[in-house]
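# Architecture and fold: a report
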Amino acid sequence: MSLIGRLFGRSVQLSPAQTRRLEAWRRLEEPDLASARLHPRYVVVDVESSGLDVHHDRLIAIGAAAVFDSGIVLADSFYAVLRQDRVSSDDNILVHGIGGSVQTGASDPREVLLQFLEYAGKSPLVGFHSPFDEIMIDRAMRRYLGERFRRSWLDLAWLAPSLLEAQAGFGRNHHRKGLDDWLHDFGIVNISRHHAFADALATAQLLQVLLHHAAMQAPRTVNDLIEAADSQRLLDRQRR
């Protein structure tokens, strides 16, 4: 068995063209997030999966929307369903609305994941409770591409309370709010909850709001925002 097979438990079969595409992504220059301006190109990501168990459930769909210079360009977006070997449960389908025939007839997961890498490039990634998205994508990348997906993520679930902690109008314990709560607070409409692209688009609008607040405060770089979110997460753990 190959080294990749020993590391990841199965042999990863890529065509020469797919291998070249993966290598081209690997060679992309990493952004300097410690000196980058506050408004680079962010890629806001949301996923749909066969369940909430990050160790056993499968990635079904990826949606993403880019925010550049505080603006959302709908043409700069991504959505794809990964072909499944088996259909997820009826209860799960009721959540995300991706039916069985769509799941089994979707695109080759290797192609979807390569397309996502080419779309995202090395941009900083954004999510809401992003560890779930990160783990699900990483597991799929390892399974289908033999690639560890280790990227910088900005988690808005923690950035929002970090930036708004001292501001009035958000109530107590707003550090425990969910995505729907924050969207309601800022009048952001989600056109289709639990659709990966719609959720990513709504989260991108929340990012726009938070970047506006960040511009009036101390954060000046992407790393500043990531560190603020990480600090807020640690603070919340200490409060419990």
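Our subject is the structure that appears above.
A few words on the sheet that holds strand β1 (residues 41-49). Pairing is mixed across the open sheet formed by five strands, whose spatial order is β3-β2-β1-β4-β5. Both edges of this open sheet fall to β3 (71-81) and β5 (153-155), since each of them pairs with a single strand only. Strand-to-strand twist across the sheet, computed as the mean angle between neighbouring axes with direction ignored, equals 25°. For β1 and strand β2 (residues 59-68), the ladder comprises nine bridges, and the chain directions are antiparallel. Its bridge partner lying in β2, V43 is registered against A66. Taken strand by strand, helix α6 (residues 130-145) contacts β1, β2, β4 (125-127) and β5, and its axis lies near 75° from that of β1. Seen against the sheet, helix α7 (residues 156-164) touches β4 and β5 and runs at an angle of roughly 55° to β5.

With that settled, the discussion passes to helix α2 (residues 16-26). Note: α-helices contain 3.6 residues per turn, so residues at a spacing of three or four share the same orientation. Among all positions in α2, only Q18, L22 and W25 are buried. Burial along α2 is one-sided: seen end-on, the buried residues are contained in an arc of 60°. Of the residues in α2, the exposed ones pointing more than 90 degrees away from the buried face are P16 and R20.

The next point concerns the packing of aromatic side chains. If you walk through the whole model with that rule in mind, you get five aromatic pairs. The interplanar angle of 55° and the centroid separation of 6.2 Å between the aromatic rings of F116 and F149 together place this pair among those described as tilted. Of the two residues, F116 is situated in helix α5 (residues 109-120) and F149 in the loop between α6 and β5; the sequence distance between them amounts to 33 residues. For F116, a relative accessible area of 0% gives the class buried. In textbook terms, an aromatic cluster arises when at least three aromatic residues are bridged by ring pairs, as seen for W25, F78, F116, Y119 and F149.

Bringing the side chain of K122 into the picture now. Of note, K122 is situated in the loop between α5 and β4. Residue classification places K122 among the buried residues on the basis of a relative accessible area of 9%. Side-chain polar atoms of K122 contact the backbone oxygen of R26, separated by 3.3 Å. Residues within four places of K122 in sequence aside, it is in contact with W25, R26, L28, E29, E30, P31 and R151.

Burial of nonpolar side chains together is a common tendency in soluble globular proteins. Judged by nonpolar contacts, the single largest core of 34 residues is most densely connected at Y42, L154, L156, L159, L206 and L207. Contributing elements (two or more residues each) for this core: β1, β2, α7, α8 (179-185), α9 (196-215) and α10 (222-239). Among the elements that take part in this core, α9 stands out by supplying nine residues, more than any other. Excluding anything up to four places from it in sequence, L159 contacts L154, L210, L225, A228 and A229. One finds V43, A64, A120 and Y144 within the second-largest nonpolar core, a separate group that totals 29 residues.

Bringing the environment of H213 into the picture now. Among the secondary structure elements, H213 is positioned in helix α9. According to the relative accessible area criterion, H213 is buried, its value standing at 11%. C-alpha of H213 to C-alpha of H96: the two residues are 117 residues apart in sequence and 32 Å apart in space.

As a further point, take the packing of α2 against α5. When two helices pack together, their arrangement is given by the angle between their axes and by how far apart the axes lie. Between α2 and α5, whose axes approach to 10 Å, the crossing angle comes to 30°. When the interaxial angle is binned, α2 and α5 end up roughly parallel. Crossing hand, α2 versus α5: left-handed. Facing Q18, R21, L22 and W25 of α2, the residues of α5 in contact are R110, E111, L114, Q115, L117 and E118. Across the contact of α2 with α5, the residue classes break down as four nonpolar, two polar and four charged.

Rules used throughout
Residues numbered from 1 in each chain as written. Predicted model: local features only at pLDDT ≥ 70, side-chain atom pairs only at ≥ 80, totals over all residues. Heavy atoms only, no water. Pairing = 2+ DSSP bridges. Helix = DSSP H or I, 4+ residues; strand = E, 2+ residues; numbered from the N terminus. Axes fitted to C-alpha atoms, helices over the stretch in contact; angles between N-to-C directions. Contact = heavy atoms within 4.5 Å. Buried < 20%, exposed > 50% of the residue type's maximum accessible area, 1.4 Å probe, protein only. Arc of directions from axis to C-beta. Phe/Tyr/Trp six-rings, centres within 6.5 Å; stacked < 30°, edge-to-face > 60°. Polar contact = N/O pair within 3.5 Å; in protein donor to acceptor, adjacent residues only side chain to side chain. Core = buried A, V, L, I, M, F, W, Y, C linked by side-chain atoms within 4.5 Å. Parallel < 35°, antiparallel > 145°, perpendicular 65-115°, else oblique. Left-handed = near helix turned anticlockwise from the far one by under 90°. Nonpolar A, V, L, I, M, F, W, Y, C, P; charged D, E, K, R; others polar.

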